[in-house]
Amino acid sequence: MFVISRIEQYKFSDCAAVFAESERTLARYDNPDWVPEMTPFNHYFVETQFSNGIESYILSLKQKYKCRLSIDPSLPLNKQTNCFCQALFTASPEALQGLTREQQIEYFQHCLDFFLFEFPSVEILSAVVHFDERGSPHMHLNFLPLIRKENSRGKIKTVFSSSDLFRGEDFFTRYQDRFFDYMVERYPDWDLERKGEVHQDHLSVREYKAIQDQIGQAKEERDNALVEVERLQSVI
């Protein structure tokens, strides 16, 4: 069994679509695993507190804190600010599918507690567990990389700065190591193991979810094939 936590950063031009999919605010999505009838059963730990859209909210914070925010989509990507982030939490199918809904929610509460310990100063926009997709449930935690830092004149300012939040080339590897250790303490009977693929930070959240779904489907097909083999052997 293994536990999963990933963080992806987005430019201003991408944040509305990513946020809308996690919040289920559109009538349809480019997601073949989505089951709309199950959306009312999603579980919110943190609900959105603004109504004018994520883009308007980010711009209001830019004005409030008078901070620099490069949002022009014509600029090179490395010149645009990473102003929105999304963390994904889940676990391998054999870990979550053996739990009741209440136990699954408890697992994601542990994930949220870990995140709050790691990033106590960021602004969390929403945290929702999706039970409305085929495969394992998972939590999307949307947040803004807002931090308070001292500028060159010694004044403390609030700024968008994911580079300060995720400092160091091996930050995400160390972050995932800490998440693994945190969950081992809470689920000692799960026989958790570290998986090499969790270090593949070049995959997007959607790509990673798709790969995990394919793994789960392959395991299900394997189990069904084994059952069929046993049935055939019994009639020989």
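With that out of the way, let us pick up the pairing of strand 3 (residues 82-91). Where burial is concerned, most of strand 3 is hidden: 9 out of the 10 residues are buried. Inspection of the sheet shows strand 3 paired to strand 5 (residues 138-144) by 5 bridges, in the antiparallel sense. By the bridge assignment for strand 5, Leu88 is matched with His140.

Bringing the side chain of Asn42 into the picture now. You can see Asn42 is positioned in the loop between helix 1 (12-23) and strand 2 (43-46). Residue classification places Asn42 among the buried positions, given a relative accessible area of 12%. A distance of 3.2 Å separates polar atoms of two side chains, one belonging to Asn42 and the other to Asp132. Ignoring sequence-local partners within four residues, the contact set of Asn42 consists of Arg24, Arg101, Val128, Val129, His130, Phe131 and Asp132.

Further remarks concern the sheet that holds strand 1 (residues 3-11). Where strands meet in a sheet, backbone hydrogen bonds hold them as pairs that are either parallel or antiparallel. The sheet built from 5 strands is open, its strands ordered 1-3-5-4-2 with antiparallel pairing. The outermost strands of the open sheet, each flanked by one partner alone, are strand 1 and strand 2. Within the sheet, the average angular offset between the axes of one strand and its neighbour, ignoring direction, is 15°. Pairing between strand 2 and strand 4 (residues 123-130): 3 bridges, direction antiparallel. Counted as the bridge partner of His43 is Val129 from strand 4. Sheet strands touched by helix 4 (residues 101-118): strand 1, strand 2, strand 3, strand 4 and strand 5. Its angle to strand 3, the strand with the most contacts, is close to 140°. Those strands touched by helix 6 (residues 171-186) are strand 1 and strand 3, and its axis lies near 145° from that of strand 1.

Here we take up the packing of helix 4 against helix 6. Helix-helix packing is described using two parameters, namely the angle between the two axes and the distance between the axes. The interhelical angle for the contact between helix 4 and helix 6, taken along N-to-C directions, is 135°, at an axis separation of 11 Å. As the angle between them shows, helix 4 and helix 6 are arranged oblique. In the packing of helix 4 onto helix 6, the handedness of the crossing is right-handed. Residue-level contacts link Tyr107, His110, Cys111, Asp113, Phe114, Phe115 and Glu118 of helix 4 to Tyr175, Arg178, Phe179, Tyr182, Met183 and Arg186 of helix 6. Looking at the contact of helix 4 with helix 6 residue by residue, the classes come out as 8 nonpolar, 1 polar and 4 charged.

Rules behind the numbers
- Every chain is numbered on its own, with residues counted from 1 as its sequence reads.
- Where totals are concerned, whole chains, interfaces and linings use all residues; where local detail is concerned, this predicted model gives features only for residues with pLDDT of at least 70, and gives and counts side-chain atom pairs only at 80 or more.
- Just so you know, side-chain values use all the structure's heavy atoms and leave hydrogens and water out.
- Throughout this description, buried means an accessible area under 20% of the type-specific maximum (1.4 Å probe, protein chains only), exposed means over 50%, and partly exposed covers the range between.
- Helix and strand labels come from DSSP, where a helix needs a run of H or I of at least four residues and a strand needs a run of E of at least two; each type is numbered from the N terminus.
- At least two bridges found by DSSP between two strands are what make those strands a pair.
- Any pair of N or O atoms that falls within 3.5 Å is considered a polar contact. Within protein, one atom must be able to donate a hydrogen and the other to accept it, and sequence-neighbouring residues count only if both atoms are side-chain atoms.
- We call two residues in contact whenever any of their non-hydrogen atoms come within 4.5 Å of each other.
- To define axes, lines are fitted to C-alpha atoms, for helices over the stretch in contact only, and angles between the resulting N-to-C directions are given on a 0 to 180 degree scale.
- Roughly parallel here means an angle under 35 degrees, roughly antiparallel means over 145, roughly perpendicular means 65 to 115, and every remaining angle is called oblique.
- Left-handed describes a crossing in which the near helix is turned anticlockwise from the far one by less than a right angle; the clockwise case is right-handed.
- Note on residue classes: Ala, Val, Leu, Ile, Met, Phe, Trp, Tyr, Cys and Pro are nonpolar, Asp, Glu, Lys and Arg are charged, and everything else, Gly too, is polar.

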